Protein chains: 2
Amino acid sequence: MNFCSQCGATLNLTIPDGDTLPRHVCIQCETIHYQNPKIITGTIPEWDNKILLCQRAIEPRHGLWTLPAGFMENNETSLQGAIRESQEEANAQISNPSLFCVFSIPHISQVYMLYRGTLINGYASPGNESLKVELFDENSIPWDSIAFPVITEALKLYFKNTGSSGSITHSGDIIRHEGKLIINYY
Amino acid sequence: MNFCSQCGATLNLTIPDGDTLPRHVCIQCETIHYQNPKIITGTIPEWDNKILLCQRAIEPRHGLWTLPAGFMENNETSLQGAIRESQEEANAQISNPSLFCVFSIPHISQVYMLYRGTLINGYASPGNESLKVELFDENSIPWDSIAFPVITEALKLYFKNTGSSGSITHSGDIIRHEGKLIINYY
């Protein structure tokens, strides 16, 4: 971040009065440009004791498998975003959604919110960002070809809790420490 | 948003190839400047069947009461942010936190995450952004002087579920429709 998006002047990285962290502050109009974590929202579409994964047609992680998910947009709810991403990536419709897990991933400043729900009619087909979409049970999941660690973790958590009530929400963190990922639940 | 924060050139509001929504795109370096919802993270500090509220010393809503909460920062977890805000606004330490509620508020592009937890030793004192801090039971809450509708909703939800397990997470939306706020839970 080099220039003020409001007035075009140069930015200074400085701690504003009353603040505790350095911010990009405009030297001309004094606008403070905050940077905050982004939310990734998506679904775990369920059908016939299987769940839907999408094979990515885009970078990063082209060719690897993931749940339908993407950046939450302004002016939508996290559930609306999750349903939108499922439609865009897998032409999937979801009923009876409930918030399954929330993960903070501080080293990439992201928060994941994933909703489990029924894949209506068990129907899905690849959207523009997917090469293939496919239903997997626990044993057939391509565990070695999952696109992101948080998705692997969510899938493990899902199959461990698949017998439990749909309304339980799990929350935790995925922390990178000395090159390894540590998962905390609370 | 008028200027590119990368190179300082003018921005065009246009729908990029393969996208569905208008974005601010730089006419020179072609950087796409996405805007996404922000997370507000905070706590419901519990002590002796009461909870802690802070009277705001800052705008907006100076003089009104709220839970300790604020914008989640990059490179922290939502729980770390909640604990940090409780320290900053009320010098409050929290133990045994669990995620109590997640609310999307699309008309202001915010997602609230509130953790219930024990206020250690029942101790709190006003931070820089608070005039007063005080423990309230349900009947003594200043219901007519709560700073934000989402906080009123979270407090109502809390007292309705106060007997239940600490590990239940509620999720929902606060939607503005024809000037009224509609609450959906799922």
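Residues numbered from 1 in each chain as written. Chains lettered and ligands numbered in written order. Predicted model: local features only at pLDDT ≥ 70, side-chain atom pairs only at ≥ 80, totals over all residues.

Undergrad: Can you walk me through the overall build of chain A in this structure?
TA: Counting secondary structure elements, chain A contains two helices and 12 strands. For chain A, the sequential pattern of α-helices and β-strands runs β-β-β-β-β-β-β-α-β-β-β-α-β-β. Considering only C-alpha atoms, chain A reaches an extent of 60 × 35 × 30 Å along its principal axes. Counting across all 186 residues of chain A, residues that qualify as buried make up 39%. Contacts spanning at least 24 positions in sequence make up 59% of the contacts within chain A whose residues lie at least 6 apart. (Helix = DSSP H or I, 4+ residues; strand = E, 2+ residues; numbered from the N terminus. Buried ≥ 20, exposed ≤ 12 C-beta atoms within 10 Å, placed from the backbone. Contact = placed C-beta atoms within 7 Å.)

Undergrad: Help me understand the relation of the copies chain B and chain A in this model?
TA: It takes a turn of 180 degrees to lay chain B on chain A, together with a shift of 0.0 Å along the axis; the resulting RMSD is 0.0 Å. Both copies of the chain, as the preceding transformation shows, are related through a two-fold rotation axis. Both copies present the same face, since 100% of the interface residues in chain B are matched by interface residues at the equivalent positions in chain A. (Least-squares fit on C-alpha atoms with pLDDT ≥ 70 in both.)

Undergrad: Hey, could you run me through the sheet that holds strand S3 (residues 32-33) of chain B in this one?
TA: One key point about sheets: their strands pair by backbone hydrogen bonds, in either a parallel or an antiparallel sense. Residues and elements named next belong to chain B. Read from one edge to the other, the open sheet built from three strands follows the order S1-S2-S3, with strand pairing classed as antiparallel. The two strands at the open ends of the sheet, each matched to only one other strand, are strand S1 (11-14) and S3. Where strand S2 (residues 23-26) meets S3, two bridges bridge the pair, whose relative direction is antiparallel. Paired with His24 across the bridge in S3 is His33. (Pairing = 2+ DSSP bridges.)

Undergrad: Before we go on, may I ask you to explain the nonpolar core in this structure?
TA: In this structure, A:Tyr112, A:Leu114, B:Tyr112 and B:Leu114 are the most contacted members of the largest nonpolar core, which totals 81 residues. Setting aside its immediate chain neighbours within four residues, A:Leu114 contacts A:Gly42, A:Thr43, A:Ile44, A:Leu67, A:Ala69, A:Phe100, A:Cys101 and A:Ala154. (Core = buried A, V, L, I, M, F, W, Y, C linked by C-beta atoms within 7 Å.)

Undergrad: Can you walk me through the interface of chain B and chain A in this structure?
TA: Each partner contributes residues to the interface: chain B has 37 residues there, and chain A has 38 residues. Elements with a minimum of two residues in the side of chain B that touches chain A: strand S4 (38-47), helix H1 (78-90), strand S8 (94-105) and strand S11 (170-177) of chain B. Among the elements that take part in the side of chain B that touches chain A, S8(B) stands out by supplying five residues, more than any other. In terms of residue class, the side of chain B that touches chain A is made up of 16 nonpolar, 17 polar and four charged. (Nonpolar A, V, L, I, M, F, W, Y, C, P; charged D, E, K, R; others polar.)

Undergrad: Looking at this model, I keep getting lost on the sheet that holds strand S1 (residues 11-14) of chain A. Mind explaining?
TA: The three strands are arranged S1-S2-S3 (chain A) in an open sheet whose pairing can be described as antiparallel. Each edge of the open sheet carries a strand with a single partner, namely S1 and strand S3 (32-33) of chain A.

Undergrad: Would you explain the domain arrangement of chain A in this entry?
TA: One widely used convention gives an interface's size as the accessible area the parts lose upon coming together. Splitting chain A by domain gives domain 1 (1-35) and domain 2 (38-185). For domain 1 of chain A and domain 2 of chain A, the distance between their C-alpha centres works out to 35 Å. (Domains from an automatic or database assignment.)

Undergrad: What should I look at first to understand helix H1 (residues 78-90) of chain A in this one?
TA: Working note: α-helix, 3.6 residues per turn, so residues spaced by three or four point in the same direction. Residues and elements named next belong to chain A. For H1, with 13 residues, the first-to-last C-alpha span of 18 Å sits near the 18 Å given by 1.5 Å per residue. Inspection of H1 places Ser78, Leu79, Gly81, Ala82, Ile83, Glu85, Ser86, Glu89 and Ala90 among the buried residues, and these make up the whole buried set. One or two residues past the end of H1 sits Asn91, with phi positive at roughly 45 degrees. (Expected span 1.5 Å × (residues − 1).)

Undergrad: For this particular structure, what's the right way to read the environment of A:Ile183?
TA: Among the secondary structure elements, A:Ile183 is positioned in strand S12 (residues 180-185). For the pair formed by A:Ile183 and A:Val150, sequence separation is 33 residues and the distance between their alpha carbons is 9.5 Å.

Undergrad: What's the story with unusual backbone geometry in this structure? I'm lost.
TA: Most peptide bonds take the trans form, and the phi angle of most residues other than glycine is negative. All names here are of chain A. Each neighbour pair has its own omega, and for Glu59 with Pro60 the value is -5 degrees, a cis peptide bond. Note that Pro60 resides in the loop between strand S5 (50-56) and strand S6 (65-66). Positioned with a positive phi, Asn96 is a non-glycine residue whose angle comes to about 50 degrees. By the secondary structure assignment, Asn96 is in strand S8 (residues 94-105). Owing to 12 C-beta atoms within 10 Å, Asn96 belongs among the exposed residues under this scheme.

Undergrad: What am I meant to see in the environment of B:Ala69 here?
TA: Residue and element names in this part refer to chain B. Relative to the helices and strands, Ala69 resides in strand S7 (residues 69-71). For Ala69, a count of 26 C-beta atoms within 10 Å translates into the label buried. The residues contacting Ala69, other than those within four sequence positions of it, are Ile40, Thr41, Gly42, Glu85 and Leu114.

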